[in-house]
Amino acid sequence: MSTVVTTELRARFARRLSELYGREVPAYTTLVDVSAQVNRRVMERDGAAAERLGSIDRVTAERHGAIRVGTPQELSQVARVFAALGMHPTGFYDLRDADPQPVPVVSTAFRPVDRTELARNPFRVFTSMLVPQDRRFFDEDLERRLSRFLAARTLFPGELLDLADRAEAEGELGEADAARFLDLATGAFALSADPVDRGWYTELERVSGVAADIGGVTTTHVNHLTPRVLDIDDLYASMQSLGVQMIDEIQGPPRWQGPDVLLRQTSFRALAEPRRFREADGTIAQGELRVRFGEVEARGIALTPRGRELYDDLVAEVDRRLAETPGRPRQDVGAEVWAAGLPDTEAELVRRDLTFCTFRPAERRPDGTEPPRDLAGLLDGGWLVAEPIVYEDFLPRSAAGIFASNLSGRGEMDAGQGGAPRDADWLAGAIGRPVRIPEQLYAEQRAESLARAAAALGIPGG
Ligand code: OOG
Ligand code: NI
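Residues numbered from 1 in each chain as written. Chains lettered and ligands numbered in written order. Predicted model: local features only at pLDDT ≥ 70, side-chain atom pairs only at ≥ 80, totals over all residues. Heavy atoms only, no water.

## Concerning the sheet that holds strand β7 (residues 196–197)
In a beta sheet, neighbouring strands are held together by backbone hydrogen bonds and run either parallel or antiparallel to one another. Condition: Pairing between two strands is assigned when DSSP locates at least 2 bridges connecting them. Runs of H or I in DSSP of at least four residues are treated as helices and runs of E of at least two as strands, each being numbered from the N terminus. Between two residues, a contact is recorded if the distance between any of their heavy atoms is within 4.5 Å. Every axis in this analysis is a line fitted to C-alpha atoms, fitted for helices over the stretch in contact. Angles between the N-to-C directions lie between 0 and 180 degrees.
Reading across the sheet, the three strands line up as β7-β9-β10 and stay open at both edges, with mixed pairing between neighbours. A strand with exactly one partner marks an edge of an open sheet, and here the two such strands are β7 and β10 (284–299). Pairing of β7 with strand β9 (residues 263–278) involves two bridges; the strand directions are parallel. Of the residues in β9, the one forming a bridge with V196 is F277. In the packing of helix α11 (residues 232–241) onto the sheet, the strands contacted are β9 and β10, and the crossing angle to β9 comes to about 40°.

## Looking at helix α17 (residues 424–431)
Our working rule: Here the term buried applies to any residue with accessible area under 20% of the maximum for its type, exposed to any over 50%, and partly exposed to those in between, with areas from a 1.4 Å probe on protein chains only. Picture the helix axis, draw a direction to every C-beta atom, and the arc is the one those directions span.
Along α17, the positions that sit buried rather than exposed are L427, A428 and I431. Projected down its long axis, α17 shows its buried positions confined to an angular sector of 100°, all on one face. Relative to its buried face, α17 has exposed residues pointing more than 90 degrees away, namely D425 and G429. In this structure, the buried side of α17 is in contact with α4 (72–83), β3 (88–94) and β4 (105–111).

## Considerations on the sheet that holds β4
Spatially, five strands are ordered β3-β4-β5-β2-β8 in an open sheet, and the strand pairing comes out mixed. One side of each edge strand has no neighbouring strand; the edge strands of this open sheet are β3 and β8 (224–227). Adjacent strand axes in the sheet meet at a mean angle of 20° when their direction is disregarded. Here four bridges tie strand β2 (residues 63–69) to β8, and the two strands are oriented antiparallel to one another.

## Digging into the coordination of the nickel ion (ligand 2)
Quick note on the threshold: For Na, K and Ca the donor cut-off is 3.2 Å; for every other metal, N, O and S atoms count as donors within 2.8 Å. Water does not enter the count, which can leave sites looking incomplete.
All of the protein donors around the nickel ion (ligand 2) are H64 (NE2), H224 (NE2) and E295 (OE); their distances to the metal are 2.1 to 2.2 Å. Mapped onto the polypeptide sequence, the residues donating to the nickel ion (ligand 2) form the spacing pattern H-x159-H-x70-E. Pair noted here: H64 is in strand β2 and E295 is in strand β10, with a separation of 231 residues, a long-range link. Of the residues examined, E295 reaches a relative accessible area of 2% and is grouped as buried.

These figures capture arrangement, not role.
Dropping the structure here:
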């Protein structure tokens, strides 16, 4: 009997989720179509350079999803489903103190971690977990009722989790089990027709729209699915000319003359979707909620810790200048600050240890001489070629911005300490799985490539 291995399960799941979301949110299909048009335009315009950060096949198929859960138990169940798909918790994002708008969640991303798997299918899911214990958002009484509500619901059926555990342990499932697993996994993220308790939802909404979306209902759902584009400025303009209202800004780095780094994202506003409500008197009424939206992203080169520090300084500088001269578009100030603060070529970014890359021996090397022993010499002398590593992760400020731009009210929040410390180690303990650190993964890839290249050039010890 034929089997379906992890990579294929992930690719099929990504397709199934995309079909589901396209049926549920038709505007998503428009976004995917426009993204494909933009990518075709960039391929025609830039030729081979367009594929510098990933083959057009990878980029066209590439999506990230976003989901939201309520408890560490739910998160560890989600982790089992994603492990079956070869997706592992990577990165930790605390959005509770995000500037300018805090959100009562901590997040991680489930994604493939090695380069071959990413190249085969890079599907990832930004996954947020509510923190009802945080006193800036929830008082003791609300925390107690919220926790009781969350503890009483089941997001993932036992059969799904059993199949997930088997797929993780064996690295594959038989065709029939794979089909069943994919039905159940996709179904777990479909929008439920169950009525929403109006009073409870509204009470949570006063604290935060995200708290209501997570803890105000008995199920979970995919919040958005994000295609990747090669030119997000073109995408933004194209969507607007189709009459789709986009959020005010593209989040992340500005458009500038240098190579794309990290991640630029934008979204269209959440759309009203019909939902059923249970009113205080027990009757069921039709209503609507606006929680699900469309997002699109352009991925750039991963920054080293040094590059990230510089990036954070540039962001702070842009904020400072905007505070001094309000009214100027962030994009303009950003481009100006970036041009002054960052080298604008890939080679110079690598030389200054600001971006991550892998190294391979050049096809045509200098002959008759010994290779130098230092990296700069090897690059300058034409012995080694650097290839950029694409950023596979997320940005907390952009994530909070994406959350915030799609909330109707600001919610109520107390100042001061929340009293619920959370970090990557806490998360790892809570779900019983290691949480990978993105910069470490990139650094390992670089080190491995360097060791291989050194061996190929006959340099001892790397
Ligand atoms: C997640 C918002 C963040 C991203 O790509 O940064 C996000 C959510 O709305 O659940 O999706
Ligand atoms: Ni997203």
